[in-house]
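Inside the fold
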Amino acid sequence: MMDGTRRFHELDTEVKKTFYSRDLSRKVMYNSNFNLHKSKAANWRDTFYCSMSPHPLNPQELPTTCRYSDGVQ
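What this report covers is the structure whose coordinates are included nearby. What you see is a predicted model; the values in this text were computed from it and never measured.

Considerations on the packing of aromatic side chains
With the rule as written, the count across this model stands at 4 aromatic pairs. Seen from their ring centres, Phe 8 and Tyr 30 are 5.3 Å apart, and the 70 degrees between their planes marks the pair as edge-to-face. Residue Phe 8 is found in helix 1 (residues 2-9), and its partner Tyr 30 is found in strand 1 (residues 28-32); the two are separated by 22 residues along the sequence. For the pair Phe 8 and Tyr 30, a shared accessibility class is recorded, and that class is buried. Counting every residue linked through ring pairs, the aromatic cluster contains Phe 8, Phe 19, Tyr 20, Tyr 30 and Phe 48.

How each quantity is defined
- Residues numbered from 1 in each chain as written.
- Predicted model: local features only at pLDDT ≥ 70, side-chain atom pairs only at ≥ 80, totals over all residues.
- Heavy atoms only, no water.
- Phe/Tyr/Trp six-rings, centres within 6.5 Å; stacked < 30°, edge-to-face > 60°.
- Helix = DSSP H or I, 4+ residues; strand = E, 2+ residues; numbered from the N terminus.
- Buried < 20%, exposed > 50% of the residue type's maximum accessible area, 1.4 Å probe, protein only.

Keep in mind these numbers describe shape, not what the thing actually does.
Right under this line is the structure:
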């Protein structure tokens, strides 16, 4: 899981942009500075988020760098 996440963060910005969102209803999203509109000070960090509960996500929703293929991630 961690290797897949690392590979995601190493992707080209244009690829990562397809996952960028602040919509918490999405099962898979990428964003930065999670408290942008709430904090007076910047708390910058890139975050990759996958919601697995209460209903598991479809593996096809994950970036290809984060999927398992033939037992290899």
